[in-house]
Amino acid sequence: MVVVMRPDASQRDIDKLIAQFQLQGLQVGITNGVGCTILGLVGDTTGVDMDKITINNSVERVMRVSEPYKRANRKFHPEDTTVKVGGAAIGGGSFAVIAGPCSVESEAQIIDVAQKVQNSGAALLRGGAFKPRTSPYSFQGMGAAGLDLLLEAKAATGMPIVTELMSEKYCQLFEDKVDVIQIGARNMQNFDLLKEVGKLSKPILLKRGLSNSYEEWIMSAEYIMSEGNENVILCERGIRTFETYTRNTLDLSAIPAVKRMSHLPIVVDPSHAAGMYWMVEPLALAAVAAGADGLIIEVHNDPQNAKCDGQQSLTPEHFDRLMKKLETQVPWMGKTLSRG
Ligand code: PEP
Ligand code: MN
């Protein structure tokens, strides 16, 4: 971090500020430039509040030269992180596909979809039990009963389950029953929830917020990791832009960018990005080509009658065709398709 002092800053003000930084355990390099003094802070500045420095009358400007995140930062952890769930692996050269319906609707539905996506090569089963819906009048999910149906599908197939947690009050339930806990786009900056899931032992699938920058997203991963849970998978699911044709705009640049910034694995959700089933396959293949470590895809055995997101769900047959393409494309990208 660099602090530029105002030209009229007195030596007393400068010395006072230097003493403050030293008290925070930082070393301070002093450069006397033409007309102003520049302080270079050396050490762990992640806890330094830039606003508190800026408010000082003798300070002109404060600039960060290092990222505000540490645990998620590739600089301090050059190797890729691989998150292992059951027999499946995501990241560090392993690629896994998570598939299933937007929401769990019945025993017959979830077991049928689970068996079909597994036969096609999916490694993990998705399915929302607690659903974040824009309207309070829309189907809100089956709740805890939906979790039990996911467990039945897991017992029938052996597939680990991925499902969304919306409230801290269900942390223990999810810790007991779920294999990967999804934090949805709308909760990416629910910091209390992030801190609580940081105390759990289960991997966290952290979706990118609708309008969040890469740094904000990685800072949310940092919240989880700073509580001790290092198993975070980032998920790009499309962002809000001026385009209205698609539900969201899939930001493929996020894949190489985030990989440079962080060692965490990144998966792509083409279903919520596109919002249309026919666009899911090309976006999925593009995500693989851009270096994604996995995909999360909505698949429904009866999309026309789905209670949620049927328009963007693949049929099991379409999903099977996509998996056949991935079987060629994933190794071509130098990755191993993890089947769990
Ligand atoms: C979902 O995965 O069903 C979901 C609601 O996703 P998102 O949080 O990305 O909208
Ligand atoms: Mn959905």
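Preceding block: the structure.
Residues numbered from 1 in each chain as written. Chains lettered and ligands numbered in written order. Predicted model: local features only at pLDDT ≥ 70, side-chain atom pairs only at ≥ 80, totals over all residues. Heavy atoms only, no water.

J.: Explanation requested: the overall build of the protein in the structure shown.
T.: When you go through the protein residue by residue, the secondary structure sums to 11 helices and 15 strands. Along the first, second and third principal axes, the C-alpha set of the protein runs to 75 × 45 × 40 Å. Taking all 340 residues of the protein together, 54% fall into the buried category. In the protein, the share of contacts with a sequence separation of at least 24, taken over all contacts with a separation of at least 6, comes to 68%. Of the roughly 15,000 Å² of accessible surface on the protein, 51% is carried by carbon and sulfur atoms. Here the protein carries 35 positive and 39 negative side-chain charges, and the mean point of each set is 1 Å from the other. (Helix = DSSP H or I, 4+ residues; strand = E, 2+ residues; numbered from the N terminus. Buried < 20%, exposed > 50% of the residue type's maximum accessible area, 1.4 Å probe, protein only. Contact = heavy atoms within 4.5 Å. Areas by Shrake-Rupley, 256 points an atom, 1.4 Å probe, with all protein chains shown as cover. Lys, Arg positive; Asp, Glu negative; His and termini not counted. Charge placed at Lys NZ, Arg CZ, Asp CG, Glu CD.)

J.: I tried to follow the coordination of the manganese ion (ligand 2) on my own but got confused; where do I start?
T.: By definition of the ideal shapes, four donors in a tetrahedron about a metal sit 109.5 degrees apart, and six donors in an octahedron sit 90 or 180 degrees apart. Only Cys102 (SG), His272 (NE2), Glu298 (OE) and Asp309 (OD) from the protein reach the manganese ion (ligand 2) as donors, at distances of 2.1 to 2.4 Å. Within one chain, the residues donating to the manganese ion (ligand 2) are spaced in sequence as C-x169-H-x25-E-x10-D. Taken together, the residues glutamate 298 in strand 14 (residues 294-298) and aspartate 309 in the loop between strand 14 and helix 11 (316-332) connect sequence positions 11 residues apart. Aspartate 309 shares its class with glutamate 298; the two are buried. (Donors = N, O, S within 2.8 Å, 3.2 Å for Na, K, Ca; no water.)

J.: Just to check I follow, could you spell out a nonpolar patch on the surface for this structure?
T.: Together, Tyr245, Tyr277 and Trp278 make up an exposed nonpolar region whose accessible area comes to about 390 Å². Turning to its location among the elements, tyrosine 277 is positioned in helix 10 (residues 277-289). The exposure class assigned to tyrosine 277 is partly exposed, which follows from its relative accessible area of 43%. (Patch = residues over 30% accessible without salt bridge, like charges linked within 9 Å, V, L, I, M, F, W, Y side chains within 5 Å. Salt bridge = Lys/Arg side-chain N within 4 Å of Asp/Glu carboxyl O.)

J.: It is not clear to me how the site of ligand 1 should be interpreted in this structure. Could you clarify?
T.: Arg126, Lys131, Ala185, Arg186 and Arg237 are the nearest of the 13 residues found near ligand 1. Here lysine 207 contributes a side-chain N or O atom positioned 2.9 Å from an oxygen atom of ligand 1. Note that an oxygen atom of ligand 1 is positioned 3.2 Å from one of the side-chain N or O atoms of histidine 272. Expressed as a share of its isolated accessible area of 300 Å², the protein-covered part of ligand 1 is 97%. Most atoms of ligand 1, that is more than half of them, are within 2 Å of grid points of the largest pocket. Class assignment of the residues belonging to the shell around ligand 1 gives a composition of three nonpolar, three polar and seven charged. (Near = heavy atom within 4 Å. Polar contact = N/O pair within 3.5 Å; in protein donor to acceptor, adjacent residues only side chain to side chain. 1 Å grid on protein atoms, 1.4 Å probe; cavity = no way out; pocket = protein on both sides within 12 Å on 5 of 7 lines; lining within 4 Å. Sits in = over half its atoms within 2 Å of the grid points. Nonpolar A, V, L, I, M, F, W, Y, C, P; charged D, E, K, R; others polar.)

J.: Would you explain the layout of surface pockets in this entry?
T.: It is the rolling of a water-molecule-sized probe over the atoms that shows where space remains empty. Its volume calculated, the largest pocket comes out at about 340 Å³. Residues of the lining of the largest pocket, tallied by class, amount to five nonpolar, five polar and 10 charged. Its boundaries defined by the atoms lining it, the second largest pocket holds a volume of some 160 Å³. Around the second largest pocket sit Asp44, Thr46, Pro68, Lys70, Arg71, Met219, Glu222, Tyr223 and Ser226, which together line it. Of the residues belonging to the lining of the second largest pocket, the class tally is three nonpolar, two polar and four charged. (Points joined across faces, edges and corners; volume = space filled by probe spheres on them.)

J.: Which parts of the structure should I look at to understand helix 1 (residues 11-23)?
T.: With 13 residues, helix 1 extends 18 Å from end C-alpha to end C-alpha; this agrees with the ideal 18 Å at 1.5 Å per step. If you check which residues of helix 1 are buried, you get Ile14, Leu17, Ile18 and Phe21. An end-on view of helix 1 places all buried positions within 100 degrees of arc, on one side of the element. Projecting away from the buried face of helix 1 at angles above 90 degrees are the exposed residues Arg12, Lys16 and Leu23. Looking at the packing, one finds that the buried side of helix 1 touches strand 1 (2-5), strand 2 (27-32), strand 3 (37-42), helix 2 (50-54) and strand 4 (59-63). Phi turns positive, to about 85 degrees, at glycine 25, one or two residues after helix 1. (Expected span 1.5 Å × (residues − 1). Arc of directions from axis to C-beta.)

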